[in-house]
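# What the coordinates show
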Amino acid sequence: VCTLCRRAEADPDTCGLKLEKQGLCAHEFCLFFANSLCQQQIEVLGLVGFRFEDIQRTVNWAAQKHCFVCGESGASITCWQTGCDRSFHLPCAMEGGCVTQFLLQYRSFCWEHRPKQAVEVAPEETTTCLICLDRVGDRNSYGMMVCPACKNAWFHRGCIQGQAVRDGITSFRCPLCRDRDAFLSEMLTMGIRIPFRLPSWEDSQAYTAQSERHSCCDARECLCPGGRERAEEGGPWELLLCCSCAAEGTHRQCSSLRSGTARWECDSC
């Protein structure tokens, strides 16, 4: 079992690989999130740079702390908020509504002090997760997330976490509008782990097709002198994608859209 969370099995998407050396075993991210446990620059020391004596010291300290989720001792992670003493095991984080930020500081927050998305509207009752296609519910909650860019892509926290692990930092983006910058920053803040590696796709051609942004006008009659694939940053030949499916597009002029129109929805949607 992991010497920090005391679990033999845990979700690798959030806890990482199980590391073993000289009889000591620990999950990769149980080490990074543990209070006062610092990685040394020489990664061959201890477990990936965490010295054995420091790990044991943290284990002894955590033995006095009880997880507010499962109630068991050995909770080595404490809420980052000043004055909050809620502690928990990393595998208990999701069940307890906690947010663990997989950034350089590896900050953790309990359910009360976790960052929340600034969502302007709640999903409709029939809204489904874009990844698993099950309903997400009609109220904002910890287990449900939305793209901050298009505000139309809804998904379960566990589903988007799995997508992030498959895509890696170079290819992770909104499944609907394909936004990358705002989406990636928001997901990191909200506790989604995004591995710093290339995507783990078995079929690179299928991946390339999926990751490409729709880039042509689908109006019944395209009026653009440069053709359907011509797209300018503004003006009558700016290409707008459907705000619901992002699978069809139109030039402003081809659908008689005013210059101030920011959203367009295709006939199918």
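Being a predicted model, the structure only gives us computed values, none of them experimental. (Residues numbered from 1 in each chain as written. Predicted model: local features only at pLDDT ≥ 70, side-chain atom pairs only at ≥ 80, totals over all residues. Heavy atoms only, no water.)

Our next topic: the overall build of the protein chain. Scanning the protein chain from N- to C-terminus turns up six helices and 10 strands. Projected onto its principal axes, the C-alpha positions of the protein chain cover 70 × 40 × 30 Å. The proportion of buried residues among the 269 residues of the protein chain is 43%. A sequence separation of at least 24 residues applies to 48% of the contacts in the protein chain between residues at least 6 apart. (Helix = DSSP H or I, 4+ residues; strand = E, 2+ residues; numbered from the N terminus. Buried < 20%, exposed > 50% of the residue type's maximum accessible area, 1.4 Å probe, protein only. Contact = heavy atoms within 4.5 Å.)

By secondary structure assignment, the location of Gln117 is in the loop between strand E6 (108–109) and strand E7 (144–146). Classification of Gln117 by relative accessible area gives buried; the value is 17%. Of note is the side chain of Gln117, whose polar atom sits 2.7 Å from the backbone oxygen of Val146. Polar side-chain contacts of Gln117 include one of 3.0 Å to the side chain of Glu186. In this structure, Gln117 is in contact with Met144, Met145, Val146, Glu186, Met187 and Met190, ignoring residues within four places of it in sequence. (Polar contact = N/O pair within 3.5 Å; in protein donor to acceptor, adjacent residues only side chain to side chain.)

With that settled, the discussion passes to empty space enclosed by the protein. One pass over the structure, following the stated rule, counts one cavity of 30 Å³ or more. Estimates place the volume of the largest cavity at around 30 Å³. Lining the largest cavity, in full, are Leu4, Cys5, Cys30, Gly74, Ser76, Ile77, Phe88, His89 and Leu90. For the lining of the largest cavity, the per-class residue count stands at six nonpolar, three polar and no charged. (1 Å grid on protein atoms, 1.4 Å probe; cavity = no way out; pocket = protein on both sides within 12 Å on 5 of 7 lines; lining within 4 Å. Points joined across faces, edges and corners; volume = space filled by probe spheres on them. Nonpolar A, V, L, I, M, F, W, Y, C, P; charged D, E, K, R; others polar.)

Once that is clear, we can look at the packing of aromatic side chains. To describe a pair of aromatic rings, you give the distance between the ring centres and the angle between the ring planes. Scanning all chains against the criterion turns up 10 aromatic pairs. For the pair Phe29 and Tyr106, a centre-to-centre distance of 6.3 Å together with 35 degrees between the ring planes defines the contact as tilted. Residue Phe29 is located in helix H2 (residues 28–33), and its partner Tyr106 is located in the loop between strand E5 (99–100) and E6; the two are separated by 77 residues in the primary sequence. For Phe29, a relative accessible area of 7% puts it in the buried group. Taking 5.1 Å as the distance between ring centres and 90 degrees as the angle between the ring planes, the aromatic pair formed by Phe32 and Phe50 counts as edge-to-face. One end of the pair, Phe32, is in helix H2; the other, Phe50, is in the loop between H2 and helix H3 (52–62), with 18 residues separating them in the sequence. Given a relative accessible area of 1%, Phe50 falls into the buried group. (Phe/Tyr/Trp six-rings, centres within 6.5 Å; stacked < 30°, edge-to-face > 60°.)

A few words on the domain arrangement of the protein chain. Size of an interface, as often reported, equals the accessible area lost when the parts are brought together. When the domains of the protein chain are assigned, the result is domain 1 (12–109), domain 2 (116–212) and domain 3 (213–268). Between domain 1 and domain 2, the C-alpha centre-to-centre distance is 26 Å. Domain 1 puts 13 residues into the contact, and the matching count from domain 2 is 11 residues. The contact between domain 1 and domain 2 buries some 970 Å² in all, and 63% of this surface belongs to carbon and sulfur atoms. (Domains from an automatic or database assignment. Buried area = accessible area lost by both parts, 1.4 Å probe.)

Glancing now at the environment of Cys132. Note on placement: Cys132 falls in the loop between E6 and E7. As a C-alpha pair, Cys132 and Cys159 span 27 residues in sequence and 7.0 Å in three-dimensional space. Beyond its immediate chain neighbours, meaning those up to four positions away, Cys132 contacts His156 and Cys159.

What follows concerns the UniProt feature "domain: RING-type" (unreviewed entry) in the protein chain. Cross-referencing UniProt, the feature "domain: RING-type" (unreviewed entry) maps to residues 129–178 in the present numbering. Here residues 129–178 runs as 22% helix and 12% strand, with 16 Å between its end C-alpha atoms. (UniProt positions renumbered as here; feature names shortened; annotations may be inferred.)

Let's shift gears to the pattern of salt bridges. Two side chains of opposite charge can pair, provided their charged atoms sit close to one another. Enumeration over the complete set of coordinates arrives at six salt bridges. With a shortest N-O distance of 3.0 Å, Arg51 and Asp54 are connected by a salt bridge. Under the relative-accessibility criterion, Arg51 is labelled partly exposed at 33%. Exposure remark for Asp54: the relative accessible area of 9% places this residue in the buried category. A salt bridge links Glu238 to Arg252; the shortest N-O distance between them is 2.9 Å. (Salt bridge = Lys/Arg side-chain N within 4 Å of Asp/Glu carboxyl O.)

Take the layout of surface pockets next. Within this model, the largest pocket holds a volume of roughly 530 Å³. Lining the largest pocket are 24 residues, with Phe32, Leu103, Leu104, Gln105 and Tyr106 positioned closest to its centre. Those elements giving two or more residues to the lining of the largest pocket turn out to be H2 and strand E3 (77–78). Take the lining of the largest pocket: its biggest share by element is four residues, from H2. Taken together, the residues of the lining of the largest pocket sort by class into 15 nonpolar, six polar and three charged. When we break the lining of the largest pocket down by domain, the ones giving at least three residues each are domain 1 (12–109) and domain 2 (116–212).

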